[in-house]
Amino acid sequence: MSEPQVKGWCPGALRPMMSGDGLVIRVRPRLARLEAAQALGLCDLAQRYGNGSLDLTSRANLQIRGVAPDDHEALMAALGGLDLLDTDPETERRRNILVTPFWQRGDRSARLARALTEALPELPELPAKVGFAVDTGAQPVLVDAPADFRFERSQGELLLRADGWALGRPVTDDSAIPALIELAEWFDAHRSPERRRMAQVLAATPLPDAWASTAPKPRAPLPQPGAHALGALLGAPFGQIGAEPLARLLHETGAPALRLTPWRLFLLEGAAMPETDEFVTDPGDPLLRADACAGAPFCPSASVETRALARALAPRVPGRLHVSGCAKGCARAAPATVTLTGRDGVFDLIRDGCAGDTPQRTGLTPSDLQSNSEWLR
């Protein structure tokens, strides 16, 4: 089997990516929020043109998988009708903005995210996966989410922090965007083909003292499924949201909008917690501790099926489980308690590591793994 190919960019709507089951179309909702009509429209499109599900990504985007190339134009027209399409591929590529899902109308996070969107053309040309986090609630919640430039809060101040650096620089509402442009220009001047993310650059080049004076507020606990001040938080195992059950939930709860998160949770705005078997409502559900990519046959890099095995093994792993179709580890970049990496139709087992790390056991079948629970502890 050939080595898995790392694309170096994420699929968009205008620039889709071919996978094993067709095109992958990524939709980037503004402020990670969809009006109910938009969400219902996406559910319909996922069933009409895709595989019937929506994938929730670590950047709080949604993906439609399994789209036939001949259907791409019709799907783009439909997304445009839902006001979910950018004006051009370059605008779409640059709009990697992750905003706290708990923003409220007119607050600083919402204002800053809109100002950042308008300022994107003023930034230097940055690598495709470089992104921004607007996390200015009472405590930061996006600390582990992928971003290179982070707006957070210190004690009473707005803060701009480079990812990979503990301290940031205080800014004001008026100076935030000019400061971001300045920091982006510093990053652009120090990056290289081998160092394309902020943390990689900072590992080789220290940040100037002016950018590292102030600590952000302590991080908030990781959100869990359950009732929330803004509505109902539900979990999507492996980030997969069935289009039909989601549409049913939207109709049953009357939620006016859907908010997306980077934690495989979604929020039904203004709704009470529903009774559902399709989504996770229990914070103790072991599926919340399991990550698994689409796997074979849906990804051409994968040689193994992933998600059925992850469902079977999740209750047996006391910590985090990651089942990866190949060594790229697309579903989880961070280490896991147990990582199973597909290779030539079988699995390698890695403890406290990532999908591409050196395994402790090799050549394991799903039957081997299910019959030897001690390997998972």
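Being a predicted model, the structure only gives us computed values, none of them experimental.

## A look at the sheet that holds strand 2 (residues 22–27)
- What the five strands build is an open sheet, ordered 1-2-5-4-13; its pairing is antiparallel. Each having just a single partner strand, strand 1 (17–19) and strand 13 (240–242) make up the two edges of the open sheet. The average angle at which neighbouring strand axes cross in this sheet is 35°, direction not considered.
- Relative to strand 2, strand 1 is paired through three bridges, and the arrangement is antiparallel. Bridging from a neighbouring strand, Ser19 pairs with Gly22 of strand 2.
- Contacts from helix 2 (residues 72–81) reach strand 2 and strand 5 (62–67), with the element oriented near 15° to strand 2.

## Let's talk about the packing of aromatic side chains
- Tallied over the entire structure, the rule returns four aromatic pairs.
- Judged by centre distance (6.1 Å) and plane angle (25°), the rings of Phe102 and Trp263 are stacked. Placement of Phe102 in the loop between strand 6 (97–99) and helix 4 (108–119) and of Trp263 in the loop between strand 14 (257–260) and strand 15 (265–269) is noted, with a sequence separation of 161 residues between them.
- On the accessibility criterion, Trp263 (16% relative accessible area) is buried.

## Quick word on empty space enclosed by the protein
- Applying the stated criterion to the full structure yields two cavities of 30 Å³ or more.
- Arg93, Arg94, Asn96, Leu120, Leu123, Pro124, Leu126, Pro127, Ala128, Val130 and Phe132 together form the lining of the largest cavity.
- Residue classes in the lining of the largest cavity are distributed as eight nonpolar, one polar and two charged.
- Looking at the second largest cavity, its volume works out to about 40 Å³.
- Ala13, Arg26, Val27, Arg28, Leu79, Leu84, Asp86, Glu92 and Arg95 are the residues that line the second largest cavity.
- Across the lining of the second largest cavity, the residue classes tally to four nonpolar, no polar and five charged.

## Observations regarding helix 4
- With 12 residues, helix 4 should cover 16 Å at 1.5 Å per step; its first-to-last C-alpha distance of 16 Å lies within 8% of that length.
- Buried residues of helix 4: Ser109, Ala110, Leu112, Ala113, Leu116 and Ala119, and no others.
- By the N-cap criterion, in which a side-chain oxygen at the helix start approaches the backbone nitrogen of a residue two or three places on, helix 4 is capped by Asp107, the distance to Ser109 being 3.2 Å.

## A short note on helix 5 (residues 176–190)
- Between the first and last C-alpha of helix 5 there are 21 Å, a value that for 15 residues agrees with the 21 Å anticipated at 1.5 Å per step.
- Where helix 5 is concerned, the buried positions are Ala176, Ile177, Ala179, Leu180, Ile181, Leu183, Ala184, Trp186 and Phe187.
- Of the surrounding elements, those touching the buried residues of helix 5 are helix 4, strand 7 (132–134), strand 8 (149–153), strand 9 (158–162), strand 10 (169–171) and helix 6 (198–204).

Rules of the game
Residues numbered from 1 in each chain as written. Predicted model: local features only at pLDDT ≥ 70, side-chain atom pairs only at ≥ 80, totals over all residues. Heavy atoms only, no water. Pairing = 2+ DSSP bridges. Helix = DSSP H or I, 4+ residues; strand = E, 2+ residues; numbered from the N terminus. Axes fitted to C-alpha atoms, helices over the stretch in contact; angles between N-to-C directions. Contact = heavy atoms within 4.5 Å. Phe/Tyr/Trp six-rings, centres within 6.5 Å; stacked < 30°, edge-to-face > 60°. Buried < 20%, exposed > 50% of the residue type's maximum accessible area, 1.4 Å probe, protein only. 1 Å grid on protein atoms, 1.4 Å probe; cavity = no way out; pocket = protein on both sides within 12 Å on 5 of 7 lines; lining within 4 Å. Points joined across faces, edges and corners; volume = space filled by probe spheres on them. Nonpolar A, V, L, I, M, F, W, Y, C, P; charged D, E, K, R; others polar. Expected span 1.5 Å × (residues − 1). Polar contact = N/O pair within 3.5 Å; in protein donor to acceptor, adjacent residues only side chain to side chain.

What is shown is where atoms sit, not what they do.
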